[in-house]
Amino acid sequence: MRIGELSRRTGVSVRSLRYYEEQGLLTPLRLPSGYREYDEQAADTVRGIRLMLAAGLNTTTIAELLPCMIDDGEGLRPGCTGLLPDLQRERERLTGAVAELLAARDALDTIINATGPLEPAGACAVPAGA
């Protein structure tokens, strides 16, 4: 199938599919005309890429893990136990990022809650877009 058909089947933009190819996540056959030709399995691969992106993995990590993942029709699962340390490492990275975001939100809440008497409307010059 051509890239437009793969885009329609997966709901992923042509631009994203080209990006996945640049990142080594998809490897279509190149016809003499320069057109990309994808096999039927490409749609499953794209779904797996999307699931892993949604799980917070970057494309470099996905390129390492994707060949060892199995799509059982209900989602992805590791195809071998050797992947578990990598997946745990990524989970720990995400947990750290979540903790940083929660700390930032708490700091913002502190600023909001520390609001004292407010100036009349228009008295504070807040730059546009701030």
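Since this is a predicted model, take the numbers as computed values, not measurements.

## Some details on the overall build of the protein chain
- Within the protein chain, the regular secondary structure consists of five helices and four strands.
- Start at the N end of the protein chain and walk to the C end: the helices and strands fall as α-α-β-β-α-α-β-β-α.
- Against the 2.2 N^0.38 benchmark of 14 Å for 130 residues, the protein chain shows a C-alpha radius of gyration of 22 Å, more extended than a compact globule.
- Along the three orthogonal principal directions, the C-alpha set of the protein chain runs to about 70 × 40 × 25 Å.

## Some thoughts on the packing of aromatic side chains
- A full pass over the atoms with the stated rule returns one aromatic pair.
- Seen from the ring of Tyr35, Arg2 lies directly overhead, with NZ or CZ sitting 4.6 Å from the centre.

## Some points on the pattern of salt bridges
- Using the criterion set out here, one finds 10 salt bridges in the structure.
- Note that Asp44 is salt-bridged to Arg47, the shortest N-O span being 2.5 Å. Within this pair, Asp44 and its partner Arg47 are both found in helix H3 (residues 41-54), separated by three residues, close to a single helical turn.
- Of the residues examined, Asp44 reaches a relative accessible area of 35% and is grouped as partly exposed.
- For Arg47, a relative accessible area of 39% corresponds to the partly exposed category.
- Glu90 is the salt-bridge partner of Arg89, the closest N and O atoms lying 3.4 Å from each other.

Criteria and thresholds
- Residues numbered from 1 in each chain as written.
- Predicted model: local features only at pLDDT ≥ 70, side-chain atom pairs only at ≥ 80, totals over all residues.
- Heavy atoms only, no water.
- Helix = DSSP H or I, 4+ residues; strand = E, 2+ residues; numbered from the N terminus.
- Rg over C-alpha atoms; globule rule 2.2 N^0.38 Å.
- Phe/Tyr/Trp six-rings, centres within 6.5 Å; stacked < 30°, edge-to-face > 60°.
- Lys NZ or Arg CZ within 6 Å of the ring centre and 35° of its normal.
- Salt bridge = Lys/Arg side-chain N within 4 Å of Asp/Glu carboxyl O.
- Buried < 20%, exposed > 50% of the residue type's maximum accessible area, 1.4 Å probe, protein only.

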